[in-house]
Amino acid sequence: MADVIVEPDHFELVLFDPLEVREVVRDVVERLSFPHGGSLVVSVDETSPLGRVRVVDGRPLRLEVESGAFEDPKRPRHFSREIASGVVGRTLLMERDRRDPAFAGPDPTGDPTLSERTAWMVWAVARLARMGFPVNPGRWRYHFRIRCGFTDASDECFDRIWNAESLTWPELSDMVARCSSNR
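*Asks:* Teacher, can you tell me more about the side chain of E71 here?
*Replies:* Looking at the secondary structure, you find E71 in strand β5 (residues 71-72). Summary of buried charges: E71 has no salt-bridge partner, and the nearest side chain of opposite charge, R77, is 6.6 Å away. Within the structure, E71 has its side chain in polar contact with the backbone nitrogen of R77 (distance 3.2 Å). The contacts of E71, once residues within four sequence positions are left out, are V14, F16, P76, R77, H78, S80 and I83.

*Asks:* Even after reading the chapter, I still don't get the side chain of E95, so can you show me in this structure?
*Replies:* Turning to its location among the elements, E95 is positioned in helix α2 (residues 81-99). Filtering out sequence-adjacent residues up to four positions away, E95 remains in contact with F34 and V55.

*Asks:* Teacher, can you tell me more about the pattern of salt bridges here?
*Replies:* When charged atoms on two side chains of opposite charge get close, those side chains can pair. Under the counting rule described, the total for this entry stands at 15 salt bridges. Here R127 makes a salt bridge to D97, at a shortest N to O gap of 2.7 Å. Placement of the pair is R127 in helix α3 (residues 114-130) and D97 in helix α2, with a sequence separation of 30 residues. In this pair, the class of R127 matches that of D97, namely buried. Here the residues in one salt-bridge network are D57, E95, R98 and R99, joined through shared partners.

*Asks:* Just checking my understanding: could you explain the nonpolar core for this structure?
*Replies:* Note on soluble globular proteins: their nonpolar side chains tend to be buried together. Judged by nonpolar contacts, the single largest core of 52 residues is most densely connected at F16, V25, L32, V42, F70, F144 and I161. If one sorts the elements of this core by residue count, α3 sits on top with nine residues. In contact with V25, not counting residues within four places along its chain, are V4, L40, V42 and V88.

Conventions and cut-offs
- Within any chain, residue numbers begin from 1 and follow the written order of that chain's sequence.
- In view of the model being predicted, local features appear only for residues whose pLDDT reaches at least 70, and side-chain atom pairs are presented and counted only at 80 or more, with totals across whole chains, interfaces and linings using the full set of residues.
- Side-chain metrics in this entry use all non-hydrogen atoms of the structure; hydrogen atoms and water are not considered.
- Helix and strand assignments come from DSSP, with helices taken as H or I runs of at least 4 residues and strands as E runs of at least 2, each series counted from the N terminus.
- Burial classes: relative accessible area under 20% of the type maximum marks a residue as buried, over 50% as exposed, and values in between as partly exposed (1.4 Å probe, protein chains only).
- We count Lys and Arg on the positive side and Asp and Glu on the negative side, and we leave His and both chain ends out.
- The term salt bridge refers to a pairing of a side-chain nitrogen on Lys or Arg with a carboxyl oxygen on Asp or Glu at a separation within 4 Å.
- Here a polar contact is taken to be a pair of N or O atoms separated by no more than 3.5 Å, where protein atoms must pair a possible hydrogen donor with a possible acceptor and residues adjacent in sequence count only if both atoms sit in side chains.
- Two residues form a contact once any of their heavy atoms are found within 4.5 Å.
- We call a set of buried Ala, Val, Leu, Ile, Met, Phe, Trp, Tyr and Cys residues a nonpolar core when their side-chain atoms join them within 4.5 Å.

Rendered as structure tokens:
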């Protein structure tokens, strides 16, 4: 069973239960068989309604989460199990990719483009969908179109990424470059 620590242990500004957050994150870590090798600390910044999530490598591995990433959009300040599991799942799959030499992830000295990062998120979400996590493919197709174009070529690229069982960073980056050039 995964050792998950949630910080803070009491929330003042958002209506989150740290035990519920811990339970959701633990479930995701176990379903993904994420090799974290120890504790996973989830540090929630409840002062920010934004939705950024950042992985801080080290022992223990840390997820720094702005509380908006876990909120129910129909009930601000309330925790959404479904949204939190999707955010944590996507983040951990991308972190696993980054650590996998076979994936040959983006250059650690530079950042992926927004289009590349979006395509990578799409692939992570598609894998979550295949594992039974609730996802909305239409939402992700739209998100992909915003970054890569509202074209048939972009939709074909999305479909290839969504249905891919395995990808490497060079393959993913090349697909994005080809569909973006057809804008």
